[in-house]
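What the coordinates show
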Amino acid sequence: MNCREAVEHLYEYLDRELTPEVESKVREHLKACPPCGEHFDTEQAFLKFVEARCRSRCAPPELKRRILRELFGE
Ligand SMILES: [Zn+2]
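Residues numbered from 1 in each chain as written. Predicted model: local features only at pLDDT ≥ 70, side-chain atom pairs only at ≥ 80, totals over all residues. Heavy atoms only, no water.

1. Quick look at the packing of helix α4 (residues 34–53) against helix α5 (residues 61–71)
Running from N to C, α4 and α5 cross one another at 130°; their axes reach a closest spacing of 11 Å. In this view, α4 runs oblique relative to α5, as classed from their interaxial angle. The two elements α4 and α5 cross, and the hand of that crossing is right-handed. In contact with Phe46, Leu47, Val50 and Glu51 of α4, α5 contributes Lys64, Leu68 and Leu71. (Axes fitted to C-alpha atoms, helices over the stretch in contact; angles between N-to-C directions. Helix = DSSP H or I, 4+ residues; strand = E, 2+ residues; numbered from the N terminus. Parallel < 35°, antiparallel > 145°, perpendicular 65-115°, else oblique. Left-handed = near helix turned anticlockwise from the far one by under 90°. Contact = heavy atoms within 4.5 Å.)

2. A closer look at the coordination of the zinc ion
Every protein donor of the zinc ion is accounted for by Cys3 (SG), His29 (NE2), Cys33 (SG) and Cys36 (SG), and the metal-donor separations fall at 2.0 to 2.3 Å. The site at the zinc ion holds four donor atoms, and with the angles between them running 102 to 112°, its shape is tetrahedral. (Donors = N, O, S within 2.8 Å, 3.2 Å for Na, K, Ca; no water. Tetrahedral: all angles 85-135°; square planar, octahedral: opposite > 155°, others 65-115°.)

3. Observations concerning the packing of helix α3 (residues 20–32) against α4
Pairs of packed helices are described in terms of their axes, by the angle between the two and the distance that separates them. Between α3 and α4, the shortest axis-to-axis distance is 5 Å and the interhelical angle comes to 115°. With respect to their mutual orientation, α3 and α4 come out roughly perpendicular. In this structure, α3 uses Val26, His29, Leu30 and Ala32 to contact α4, whose residues at the interface are Pro34, Cys36, Gly37 and Phe40. Its residues assigned to classes, the contact of α3 with α4 comprises six nonpolar, two polar and no charged. (Nonpolar A, V, L, I, M, F, W, Y, C, P; charged D, E, K, R; others polar.)

Below, the structure is given as structure tokens:
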């Protein structure tokens, strides 16, 4: 897995929507690639921040993802 593929799976990874096989590939990449590891950590921290203030009721996951994508310019 390369960086582009890892980032493509970022949200599914954070939402634990990946198959165990893909998830372990992403995890391997994150261990081997500090910049991606950091990127994922940042996204995860932000996701938790949003969730803490926005108790799942107020925003469906798809909307949250869209907000995150806009914020991170993806
Ligand atoms: Zn990478």
